[in-house]
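# Summary of the model geometry
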Amino acid sequence: MWATSPAATELETHVLDWLAEMLDLPERLRSTAKGGGVIQDTASSATFTAVVAARERATSGSVNERGFSQRLTAYASVHAHSSIEKAVRLAGIGSQNLRLVEVDATHAMDPTHLAELIKADIAAGHIPAFVNATAGTTSSLAFDPIRPIGEICAEHDIWLHVDAAWAGNAAVCPEFRWMHDGLEHADSYLVNPHKWMFTNVDLDAFYVADRSALTSAMGIHPEYLRSVATEGGGVIDYRNWHVALGRRFRALKLWFVIRHYGVEGIRTVIREHVRLGQLFRTWVDEHPDFEAAAPTRLNLVCFRHVAGDEVNQAIMDEVNAGGEIYITHTRLDGRLVLRLNVGQTYTEERHVRRAWELIGQRR
């Protein structure tokens, strides 16, 4: 509550507005309008909060009051993070009502298929309530086209949530803000400074365009939590912006990062990480035994040995067992793919070159 922690509340509001300005988020997501930001622990919690708010908006608050009486549907690409399905489950919508949208050759959501699924559900008597668009998928750093997705959501009054947990940090650099094209359509947005803005875990920045949609879904007001400040309506009680009542003072560590590096300092490090990712990609392209498995838009390189899954699994196991570097994997188009991500604060070119030495020598 603001009444019990006014300094912590005020600093959180200011820091999140700083971050919104740094990322050039639309005005409607900032606290100067009717929207605003709140710090959650992780993207999973923020996504769950968004799904609940979307559920209540789609049913005019009836689920909170009377429980489920209508069948809602939600939508995400086949490459969306697993936290989307978890949120849909926990919110009572159910996995069977989560529609997985097909992707294009770059593994980004196909808006045409999304529109087809929504129209089919409406015709069947369902209520489309929530669409997740990902700005930088976990598997391959694919970017769902927010603008056409947002236009579809606006046509049918569906809550649009944009998950930019990892890649969204790069929007601090103006040259990478193409990923946010169409973001003015978003009802909610999240980015994790603990992923790529040098902030200790856990810290998710979650923004909404209409805070009343969030607080009406999440807020509850017993007598012992009432205060003069709250009743006056001039303060923010973040307890109504998520599940938990008690909360940690997470804003301070993001404040320290921004004050220490400055905006230009953060941009410098992120640009260097992108350069190193692109450099690694050139080595993959030049090697006769390796191939890229997805576009390299920022700092993640998806690649594989041409000999097949068994060889790629062996490469990953051997490299990771050595302890010098750690690479991860995914599956794209049914094939095992290796992933190298340059994003740690102190990663230098010598580390990336050493990684390629350890990977490229295995044939």
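In short, a report on the structure. Predicted model, so just to flag it, every value in this text is computed and none were measured. (Residues numbered from 1 in each chain as written. Predicted model: local features only at pLDDT ≥ 70, side-chain atom pairs only at ≥ 80, totals over all residues. Heavy atoms only, no water.)

## Section: the sheet that holds strand β10 (residues 328-332)
Adjacent strands of a sheet form backbone hydrogen bonds with each other and so pair up, either parallel or antiparallel. The strand order β8-β9-β11-β10 describes an open sheet built from four strands, whose pairing is antiparallel. Unpaired on one side and paired on the other, β8 (290-292) and β10 mark the two borders of the sheet. When the angles between neighbouring strand axes are averaged without regard to direction, this sheet yields 40°. Across five bridges, β10 lies against strand β11 (residues 335-341) in antiparallel orientation. (Pairing = 2+ DSSP bridges. Helix = DSSP H or I, 4+ residues; strand = E, 2+ residues; numbered from the N terminus. Axes fitted to C-alpha atoms, helices over the stretch in contact; angles between N-to-C directions.)

## Considerations on the packing of aromatic side chains
Evaluation of the coordinates by the stated rule reveals 10 aromatic pairs. The interplanar angle of 85° and the centroid separation of 5.3 Å between the aromatic rings of Phe280 and Trp356 together place this pair among those described as edge-to-face. Taken as a pair, Phe280 in helix α10 (residues 251-286) and Trp356 in helix α12 (residues 349-360) lie far apart in primary sequence, 76 residues in all. A single burial state applies to Phe280 and to Trp356, both of which are buried. (Phe/Tyr/Trp six-rings, centres within 6.5 Å; stacked < 30°, edge-to-face > 60°. Buried < 20%, exposed > 50% of the residue type's maximum accessible area, 1.4 Å probe, protein only.)

## Let's talk about helix α6 (residues 146-156)
Along α6, the positions that sit buried rather than exposed are Ile146, Ile149, Gly150, Ile152 and Cys153. Projected down its long axis, α6 carries its buried residues within an arc of 160°, all on one side. Residues of α6 that are exposed and point over 90 degrees away from its buried face: Ala154 and Glu155. Elements that come into contact with the buried residues of α6 comprise α5 (111-123), β4 (127-134) and β5 (159-163). Trailing α6 by a residue or two, Asp157 shows a phi angle of about 55°, which is positive. (Arc of directions from axis to C-beta. Contact = heavy atoms within 4.5 Å.)

## Observations concerning the sheet that holds strand β1 (residues 36-40)
The strand order across the open sheet formed by seven strands is β1-β7-β6-β5-β4-β2-β3, and the pairing between neighbours is mixed. Edge positions in the open sheet fall to β1 and β3 (98-101), since each of these has one partner strand only. Here the strands of the sheet are splayed against their neighbours by 20° on average, with no regard to which way each runs. The pairing of β5 with strand β6 (residues 188-191) spans three bridges and is parallel. By the bridge assignment for β6, Val162 is matched with Tyr189. Each of β2 (72-77), β3 and β4 is contacted by α5, which is oriented at about 150° to β3, the strand it contacts most.

## Remarks on the packing of α10 against α12
In contact at an axis separation of 10 Å, α10 and α12 are set at 25° when each is read in the N-to-C sense. Between α10 and α12, the angle falls in the class roughly parallel. When the axes of α10 and α12 are compared, the crossing they make is right-handed. Taking contact as the criterion, the partners of Arg275, Leu276, Leu279, Phe280, Trp283 and Val284 in α10 are, on α12, Glu349, Val352, Arg353, Trp356 and Ile359. Of the residues that constitute the contact of α10 with α12, the class distribution is eight nonpolar, no polar and three charged. (Parallel < 35°, antiparallel > 145°, perpendicular 65-115°, else oblique. Left-handed = near helix turned anticlockwise from the far one by under 90°. Nonpolar A, V, L, I, M, F, W, Y, C, P; charged D, E, K, R; others polar.)

## So, the nonpolar core
Counting 63 residues, the largest nonpolar core has Leu19, Leu23, Leu114, Tyr189, Tyr207, Ile270 and Leu298 as its most contacted members. Of all the elements, α10 adds the most residues to this core, at eight residues. Those residues in contact with Tyr207 that lie beyond four places of it in its chain are Leu16, Leu19, Ala20, Leu25, Leu29, Gly36, Gly37, Asp187, Ser188 and Tyr189. In this structure, Ala50, Val52, Val88 and Trp159 belong to the second largest nonpolar core, which totals 33 residues. (Core = buried A, V, L, I, M, F, W, Y, C linked by side-chain atoms within 4.5 Å.)

## As for a nonpolar patch on the surface
Taken together, the side chains of Phe249, Leu252 and Phe256 present a nonpolar region at the surface, about 280 Å² in accessible area. For Leu252, the position within the fold is in helix α10. Judged by its relative accessible area of 31%, Leu252 is partly exposed. (Patch = residues over 30% accessible without salt bridge, like charges linked within 9 Å, V, L, I, M, F, W, Y side chains within 5 Å. Areas by Shrake-Rupley, 256 points an atom, 1.4 Å probe, with all protein chains shown as cover. Salt bridge = Lys/Arg side-chain N within 4 Å of Asp/Glu carboxyl O.)

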